[in-house]
Amino acid sequence: AEAELSAALDAPFAWRRASNDAHAILEVFGCEDWRRPPAYDRPGFEVAGRDVLDVGAQVGTFARRALAAGAASVAAFEPEPANARLLRENLREFPTAAVFEAAVVGAEGVDEAELVLGKDYQGVANTWRHSLRAWTHYSGDVQVATVAALSFGAAVDRAAAAAGRPPTFCKIDVEGAELDILAAVDDWRDLDRLVVEYSFTKRRSLAAFRDAADRLRRHFPTVECDRLPDAGDEWPHRTDALVFCSR
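This report concerns the structure included in the present document. Computed from a predicted model, the values in this text were never measured in an experiment.

1. Structural notes on the nonpolar core
Inference 1: Residues Leu53, Phe152, Ile172, Trp188 and Leu194 are the most contacted members of the largest nonpolar core, which totals 49 residues.
Inference 2: Considering every element that reaches this core, the biggest residue donor is helix α7 (residues 206–216), with five residues.
Inference 3: Dropping the residues within four chain positions of it, Trp188 is found in contact with Phe152, Ile172, Ile181, Leu182, Leu194, Leu216, His219 and Phe220.
Inference 4: Ala14, Ala22, Ile25 and Val28 belong to the second-largest nonpolar core, a separate cluster that totals 30 residues.

See below:
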């Protein structure tokens, strides 16, 4: 992770060793040793010149890579307090970046939410599996933080106010809450590129995914998920997948 950051970014990047931050970095920047390309790199989804909305920004890995790639602005939303502190640190030198410490949810009129924090495992701090209570996979004794929340539409409004222009590119990675967002949003505004990590491991039904994809196609004629199986009723893999939407 340190090598990937040093090769790609000019300015320092704050992250926690012995934590999942390294996994987030390698997901976004890729890892040649693991033969993993950068997860969000896809022809037609370049961010140069675009105003970007980053929903579920964690510590700012995607946001910083977007700025390095020429994004005109980034509005980053992250609800977990420790992550948000690092997010602000990683974006404070960038005048076209705005940080909002809040969860983005599907429902309108919500101003706070309960966030279940990820459980550490074998000495590794879990810094990226925080999820809203409705979508947590943890049971029993859990640590919960009450965080600020707002609807997706309100997040778009705040991003537009910060940049002076509406966002046209959006990335969503919110550990299950995207399922509520996809069900609730009818108007994707000026967005013509949307990348969503779809939590198949929280809702394995392929019929439910196809319903979500049909809703997305009302705005985005092209909706693609490279790992989608040709047959079957349930998601067969152990990890989630990215869905790329464009118009």
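So much for the structure itself; the text now carries on.
2. Topic: the sheet that holds strand β9 (residues 193–198)
Inference 1: The sheet built from seven strands is open, its strands ordered β3-β2-β1-β8-β9-β11-β10 with mixed pairing. Each edge of the sheet is formed by a strand with only one pairing partner; in this case those strands are β3 (97–100) and β10 (222–224). Strand-to-strand twist of the sheet, defined as the mean angle between neighbouring strand axes without regard to direction, takes the value 10°.
Inference 2: Pairing of strand β1 (residues 51–55) with strand β8 (residues 169–172) involves four bridges; the strand directions are parallel. Residue pairing in the sheet places Val52 in a bridge with Phe169 of β8.
Inference 3: Its contacts with the sheet place helix α5 (residues 152–163) against β1, β2 (73–77), β3 and β8, and it is angled at close to 140° to β1.
Inference 4: Docked against the sheet, α7 engages β9, β10 and β11 (241–246), running at close to 165° with respect to β9.

3. Brief notes about the packing of helix α6 (residues 177–184) against α7
Inference 1: Between α6 and α7, the least distance of the axes is 9 Å, while the angle of their chain directions is 45°. One element, α6, and the other, α7, form an angle in the oblique class. Seen along the crossing, α6 lies across α7 with a hand that is left-handed. Across the interface between the two elements, Leu182, Ala183 and Ala184 from α6 touch Ala212, Arg215 and Leu216 from α7.

4. As for the side chain of Asp240
Inference 1: Turning to its location among the elements, Asp240 is positioned in the loop between β10 and β11.
Inference 2: It is Arg129 that comes nearest to the buried, bridge-free Asp240 among opposite-charge side chains, at 5.2 Å.
Inference 3: Side-chain polar atoms of Asp240 contact the backbone nitrogen of Phe200, separated by 3.2 Å.
Inference 4: The contact partners of Asp240, leaving out residues within four places of it in the chain, are Glu197, Tyr198, Ser199, Phe200, Thr201, Arg227 and Trp235.

5. Structural notes on the environment of Ala113
Inference 1: Along the chain, Ala113 turns up in strand β5 (residues 112–116).
Inference 2: On the basis of relative accessibility, which here comes to 13%, the residue Ala113 falls in the buried class.
Inference 3: Expressed as a C-alpha distance, the spacing of Ala113 and Leu216, which sit 103 residues apart in the sequence, is 25 Å.
Inference 4: Every residue in contact with Ala113, bar those within four places of it in the chain, is listed here: Leu132, Ala145, Thr146, Val147 and Ala149.

6. Description of α6
Inference 1: Buried within α6 we find Ala177, Glu178, Leu179, Ile181 and Leu182.
Inference 2: Buried residues belonging to α6 abut β4 (103–105), β6 (131–132), α5, β8, β9 and α7.

7. Digging into α5
Inference 1: Compared with an ideal rise of 1.5 Å per residue, which puts 12 residues at 16 Å, α5 spans 17 Å between its outermost C-alpha atoms and is within 8% of the ideal.
Inference 2: Where α5 is concerned, the buried positions are Phe152, Gly153, Ala155, Val156, Ala159 and Ala163. With its buried residues spanning 160° around the axis, α5 presents them on a single face.
Inference 3: On its buried face, α5 sits against β1, β2, β4, β7 (144–151), β8 and α6.
Inference 4: Positioned one or two residues after α5, Gly164 has a phi angle of 80°, which is positive.

8. Topic: the sheet that holds β7
Inference 1: What the four strands build is an open sheet, ordered β4-β7-β5-β6; its pairing is mixed. A strand with exactly one partner marks an edge of an open sheet, and here the two such strands are β4 and β6.
Inference 2: Judged from the three bridges that link them, β4 and β7 form a sheet pairing that is parallel. Its bridge partner being in β7, Ala103 is matched across the sheet by Ala149.
Inference 3: With respect to the sheet, α5 is in contact with β4 and β7, its orientation differing from that of β7 by roughly 75°.

The rules behind each value
Residues numbered from 1 in each chain as written. Predicted model: local features only at pLDDT ≥ 70, side-chain atom pairs only at ≥ 80, totals over all residues. Heavy atoms only, no water. Core = buried A, V, L, I, M, F, W, Y, C linked by side-chain atoms within 4.5 Å. Buried < 20%, exposed > 50% of the residue type's maximum accessible area, 1.4 Å probe, protein only. Helix = DSSP H or I, 4+ residues; strand = E, 2+ residues; numbered from the N terminus. Contact = heavy atoms within 4.5 Å. Pairing = 2+ DSSP bridges. Axes fitted to C-alpha atoms, helices over the stretch in contact; angles between N-to-C directions. Parallel < 35°, antiparallel > 145°, perpendicular 65-115°, else oblique. Left-handed = near helix turned anticlockwise from the far one by under 90°. Lys, Arg positive; Asp, Glu negative; His and termini not counted. Salt bridge = Lys/Arg side-chain N within 4 Å of Asp/Glu carboxyl O. Polar contact = N/O pair within 3.5 Å; in protein donor to acceptor, adjacent residues only side chain to side chain. Expected span 1.5 Å × (residues − 1). Arc of directions from axis to C-beta.

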